[in-house]
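Structural overview
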Amino acid sequence: MKGDKPEEPGPGPEPSGPPPPTEEEEALLEFHRSYRELFEFFCNNTTIHGAIRLVCSQHNRMKTVFWAVLWLCTFGMMYWQFGQLFGEYFSYPVSLNINLNSDKLVFPAVSICTLNPYRYKEIQEELEELDRITEQTLFDLYKYNSSKTLVAHARSRRDLREPLPHPLQRLPVPAPPHAARGVRRAGSSMRDNNPQVNRKDWKIGFQLCNQNKSDCFYQTYSSGVDAVREWYRFHYINILSRRRQDTSPSLEEDVLGKFIFTCRFNQDSCNEANYSHFHHPMYGNCYTFNDKNSSNLWMSSMPGVNNGLSLTLRTEQNDFIPLLSTVTGARVMVHERDEPAFMDDAGFNLRPGVETSISMSKEAVDRLGGDYGDCTKNGSEVPVENLYNTKYTQQVCIHSCFQESMIKECGCAYIFYPRPDGVEFCDYRKHNSWGYCYYKLQDAFSSDRLGCFTKCRKPCSVTIYKLSASYSQWPSATSQDWVFQMLSRQNNYTIKNKRDGVAKLNIFFKELNYKSNSESPSVTMVTLLSNLGSQWSLWFGSSVLSVVEMAELIIDLLVITFLMLLRRFRSRYWSPGRGGKGTQEVASTPAASLPSSFCPHPAFSSSSPPDPAMSPALSAPPPAYATLGPHPAPSGLAEASTSAHAPGEP
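Just so it is clear, the structure is predicted and the values come from calculations on it, not from any experiment.

**Notes on the overall build of the chain**
Assigned secondary structure in the chain consists of 17 helices and 20 strands. Among the 650 residues that make up the chain, the fraction classed as buried is 39%. Surface summary for the chain: the accessible area is close to 38,800 Å², and the carbon and sulfur share equals 53%.

**With respect to the sheet that holds strand 13 (residues 330-335)**
Read across the sheet, five strands follow the order 9-10-3-13-14 without closing on themselves; strand pairing throughout is antiparallel. Of all strands in the sheet, those bounded by a partner on one side alone are strand 9 (275-280) and strand 14 (348-350). Sheet twist, expressed as the average angle between the axes of neighbouring strands with direction ignored, equals 25 degrees. As paired strands, strand 13 and strand 14 are joined by three bridges and run antiparallel to one another. The residue of strand 14 that forms the bridge with valine 332 is phenylalanine 348.

**Thoughts on the state of the cysteines**
Considering all chains together, one arrives at eight disulfides under this definition. Each sulfur in the disulfide pair cysteine 397 and cysteine 456 lies 2.1 Å from the other. With the S-S bond torsion at -80 degrees, the cross-link from cysteine 397 to cysteine 456 turns out left-handed. Taken together, the positions of cysteine 397 in helix 10 (residues 394-410) and cysteine 456 in the loop between helix 12 (452-455) and strand 17 (458-459) put the pair 59 residues apart, joining distant regions of the chain.

**Here's the deal with the side chain of threonine 137**
Locating threonine 137 in the fold gives a position in helix 4 (residues 124-142). For threonine 137, a relative accessible area of 13% corresponds to the buried category. Separated by 2.8 Å, the side chain of threonine 137 and the backbone oxygen of isoleucine 133 make a polar contact. When near neighbours in sequence (up to four residues on either side) are disregarded, threonine 137 contacts Leu168 and Trp231.

**Some remarks on helix 4**
When the terminal C-alpha atoms of helix 4 are compared, their 26 Å separation across 19 residues agrees well with the 27 Å that a helix rising 1.5 Å per residue should span. One or two positions beyond helix 4, positive phi appears at lysine 143, with a value near 55 degrees.

**Structural notes on the UniProt feature "transmembrane region" (unreviewed entry) in the chain**
According to UniProt, the feature "transmembrane region" (unreviewed entry) maps to residues 64-82 in the numbering used here. When the span residues 64-82 is considered, its composition is 100% helix and 0% strand, and the gap between its end C-alpha atoms is 27 Å.

**Some thoughts on the nonpolar core**
One finds Tyr232, Phe402, Met406, Tyr414, Trp434 and Tyr439 to be the most contacted residues of the largest nonpolar core, which totals 58 residues. Top contributing element to this core by residue count: helix 7 (residues 224-243), with nine residues. If sequence neighbours within four positions are ignored, tryptophan 434 has contacts with Phe234, Ile237, Asn238, Met406, Cys412, Tyr414, Cys426, Asp427 and Tyr428. Membership of the second largest hydrophobic core comes to 28 residues, among which are Phe259, Ala330, Leu350 and Met360.

**Here's the deal with a nonpolar patch on the surface**
There is a patch of nonpolar side chains on the surface, built from Tyr35, Leu557 and Met564 and spanning about 250 Å² of accessible area. Looking at the element boundaries, methionine 564 is found in helix 15 (residues 544-573). Here methionine 564 falls in the partly exposed class, since its relative accessible area comes to 37%.

What counts, and at which threshold
- Residues numbered from 1 in each chain as written.
- Predicted model: local features only at pLDDT ≥ 70, side-chain atom pairs only at ≥ 80, totals over all residues.
- Heavy atoms only, no water.
- Helix = DSSP H or I, 4+ residues; strand = E, 2+ residues; numbered from the N terminus.
- Buried < 20%, exposed > 50% of the residue type's maximum accessible area, 1.4 Å probe, protein only.
- Areas by Shrake-Rupley, 256 points an atom, 1.4 Å probe, with all protein chains shown as cover.
- Pairing = 2+ DSSP bridges.
- Axes fitted to C-alpha atoms, helices over the stretch in contact; angles between N-to-C directions.
- Disulfide = S-S within 2.5 Å.
- Polar contact = N/O pair within 3.5 Å; in protein donor to acceptor, adjacent residues only side chain to side chain.
- Contact = heavy atoms within 4.5 Å.
- Expected span 1.5 Å × (residues − 1).
- UniProt positions renumbered as here; feature names shortened; annotations may be inferred.
- Core = buried A, V, L, I, M, F, W, Y, C linked by side-chain atoms within 4.5 Å.
- Patch = residues over 30% accessible without salt bridge, like charges linked within 9 Å, V, L, I, M, F, W, Y side chains within 5 Å.
- Salt bridge = Lys/Arg side-chain N within 4 Å of Asp/Glu carboxyl O.

Below you can see the structure in the form of structure tokens.
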């Protein structure tokens, strides 16, 4: 009461410790006592929509079940959408971006070949012998005398040397029984209009065997023209290989003026610094304009036929090889400056007596490598050695891969492709079974059993030149007289059928606009996070902090589960009936750490000693781990603990 004199505290026992915490005080770390308590706390305080309905509707079981099912279904739909979004992201889709640019363009390289394999001095005698054997073969098979066509001075059969290996033969092809009957019936009904021809019942080919002659096959052709050309080509490769083991044959026609009459680029005349020369086994002498070795870089600042490359070519055939080349004209290919010319793969022929105008449009392609596409930046990760020592292209890799397989399987290099150091070109005088190995390998290559098309990936950056051609007669009937007169006076052009000996070529850009196609990832990490957030907001109307709340809920569930398991473990193995040690541990447990459901209500005062018969009432109560903070033991329980340890003391 007010005005009363406060009592002075008398002497008493000193407090054993700080007072126990009340219910309003919080410890450093505090966890819920049960799953139900944790769930109710989460539903009442979370920012996720709909969760509070599970608590508010607890008195109405139908609503509680409805909202629980709805909540779980919503969660399932959201995570199904998450799976779809992650699946799309890890499929690494790309978007194609198309841009139209306009600028000065670098003129590409242009390679031109004569289409006439030349008779070199070093192999002149062997080629003449091959021509005579071919002449005799044509006479034996077709009764055709080609002495005037092939060689001017043919020897008799007695003057021929020893026969060549793998002779050309006529092979009968037996017809199936049912097919033969059908042919006879058709022939009897149409006997006058469709007489039978027996030559259709056989093929032409030559035999090839392995090293020990244990396996042989015939390389056959239904067309005699194809058979003779392939057989002649096979022997020509062997002859040419003998002369190219150490040095290349001398090139008598390595003069620009003998094949190209006129050359102009952007109205300026060409010179020897603008081209380089190489030899192709099938197409003869070839010239490449504006390659990487050219001193002057050609640029196109204007489109049109007058701002490109213009050539006048000699297309006549003099002392060349008619059995190897059956066409006349020239072979042309447009390619990048730092790429080799694959005349067989991407070249096209020019027709004599015709002006061919090739208009170009440039297109650049940039692909994404890595996980977004199967392409390579520079070919360094491709398991094929680049034998061309040029920029990586898929064709370079494919040809190098075939040459590697040829060297590994046949023991020699194919003359059409570059060879590594220390490897010889294939010649049946040194490698008598290389033809058998080559044709078997060619069949495996075509069906991709060698794996070259799988190993050789596309380059990530490619420049493509799309060509379109137009043709016109050149020179015209009214201008051919003075054109041929000028060519004959200036270039020593003398030929009876003059129109068959010349051709004109124009190559130019039809426009300076070029298309650039580039790839970009369709789904980036930013896009993925945005889509995930959109789905989370759509189904629950929450944010990133709600995700943290879900993580906190999961952590609390794990901690409560661990504490419950630990409580069960202690109650089972640390009970007082297992010895004095267990009794001492349980008796020394503070009462403040025991849950209310396990704490008995004592019938005696904390100041009076307990009855020894009542001490078993304290047996094996597992500690309640609702709080990990410090809890000092009350003095009354400490005294009870002391009496439990020494029940016989007064």
